[in-house]
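Reading the structure
This is what each chain is made of:
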Amino acid sequence: MGFLWSLIIGGVIGWLAGLIMGRDVPGGVIGNIIAGFIGAWLGSLILGNWGPVIGNFYFVPALIGAILLVFIVSLIMGSMQRNR
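Residues numbered from 1 in each chain as written. Predicted model: local features only at pLDDT ≥ 70, side-chain atom pairs only at ≥ 80, totals over all residues. Heavy atoms only, no water.

We apply this condition: UniProt positions are given in the numbering used here, feature names are shortened, and annotations may be inferred rather than shown by experiment.
For the protein chain, an unreviewed UniProt entry supplies the name Membrane protein and the organism Paenibacillus woosongensis. Per its UniProt entry, the protein chain bears the Subcellular location (unreviewed entry) comment "Cell membrane". The Sequence similarities (unreviewed entry) field of the UniProt record for the protein chain holds the comment "Belongs to the UPF0410 family."

Now the structure itself:
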C-alpha cells in the first residue's frame, strides 16, 4: 500500500510542477509520476530533507526538484523541435 501511495503522490507532485511551469510533462500520467520521483530525488540532493512528509516524500524539496526537472525537459524538448 505504501508503494501505491508513493506513486499517487509522485504523480501529484509532477502534475503540480507542470501546472506551476505552465508546461506539460511528456508521457501524461506516467511522465508525471516519473517527474515526481526524479524531482523528489533531485530536490533532496539540492535542498536536503525538510518540510512536510507526504507519501515518503519531503513535499517542498520534491516539488521544487520536479519544477526544475520540468523546466529542463521542456528546454530540451523545445530545442529538439527547433532543430527539425
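1. A closer look at the UniProt feature "transmembrane region" (unreviewed entry) in the protein chain
For the record, the criterion: Note on conventions: DSSP H or I runs of at least 4 residues are helices, E runs of at least 2 residues are strands, and numbering of each starts at the N terminus.
On the UniProt side, "transmembrane region" (unreviewed entry) is annotated at positions that read residues 6-22, 29-51 and 57-78 here. Note that residues 29-51 is 83% helix and 0% strand, and that its end C-alpha atoms are spaced 25 Å apart. In residues 57-78, the share of helix is 91% and the share of strand is 9%. The end C-alpha atoms are 29 Å apart.

2. So, unusual backbone geometry
Selection criterion: We call a residue buried when its accessible area falls under 20% of the maximum for its residue type, exposed when it is over 50%, and partly exposed in between, using a 1.4 Å probe and counting protein chains only.
Backbone geometry places N56, a non-glycine residue, at a positive phi of 65 degrees. By relative accessible area, which is 65% here, N56 ends up exposed.

3. A few points about helix α3 (residues 59-82)
Put simply, the test is: To estimate the expected span of a helix, subtract one from its residue number and multiply by 1.5 Å.
In a regular helix each residue adds 1.5 Å, so 24 residues correspond to 34 Å; α3 covers 34 Å between its end C-alpha atoms and thus fits that length. Taken as a whole, α3 has its buried residues at P61, A62, L63, G65, A66, I67, L69, V70 and S74.

4. Structural notes on the packing of helix α1 (residues 2-21) against helix α2 (residues 28-47)
Two quantities define a packed helix pair, namely the angle between the axes and the distance from one axis to the other. Applied cut-off: Note on definitions: angles span 0 to 180 degrees between N-to-C directions of axes, and those axes are lines fitted to C-alpha atoms, for helices only across the stretch in contact. Orientation categories follow fixed angle ranges, with anything under 35 degrees roughly parallel, anything over 145 roughly antiparallel, 65 to 115 roughly perpendicular, and all other angles oblique. Pairs of residues are marked as contacts when any of their non-hydrogen atoms sit within 4.5 Å. Polarity classes work like this: nonpolar for Ala, Val, Leu, Ile, Met, Phe, Trp, Tyr, Cys and Pro, charged for Asp, Glu, Lys and Arg, and polar for all others, with Gly in that last group.
Relative to each other, α1 and α2 sit at 95 degrees, their axes nearing to 6 Å. Judged by the inter-axis angle, α1 sits roughly perpendicular to α2. Each of S6, L7, G10, G11, I13, G14 and W15 in α1 lies in contact with α2, whose residues at this interface are N32, I33, A35, G36 and F37. Of the residues belonging to the contact of α1 with α2, the class tally is six nonpolar, six polar and no charged.

5. Description of the packing of aromatic side chains
Formally: Note on aromatic pairs: the rings of Phe, Tyr and Trp (six-membered ring only in Trp) are paired at centre separations within 6.5 Å, and the planes decide the class, stacked below 30 degrees, edge-to-face beyond 60, tilted for the rest.
Scanning the model with the defined rule gives one aromatic pair in all. Between the aromatic rings of F37 and F57, the centroid separation amounts to 5.3 Å while the plane-to-plane angle is 75 degrees, which identifies the pairing as edge-to-face. A residue pair is termed long-range when its members are at least 10 positions apart, and F37 in helix α2 and F57 in strand β2 (residues 57-58) qualify at 20 residues. Of the residues examined, F57 reaches a relative accessible area of 7% and is grouped as buried.

6. Points about α1
Between the first and last C-alpha of α1 there are 28 Å, a value that for 20 residues agrees with the 28 Å anticipated at 1.5 Å per step. When α1 is considered as a whole, its buried residues turn out to be S6, I9, G10, G11, I13, G14, A17 and G18. Following α1 by one or two positions, G22 has its phi on the positive side, about 75 degrees.

7. So, the environment of L45
With respect to the helices and strands, the residue L45 is situated in helix α2. Given a relative accessible area of 54%, L45 falls into the exposed group. Along the sequence, L45 and G65 sit 20 residues apart, while their C-alpha atoms lie 8.9 Å from each other.

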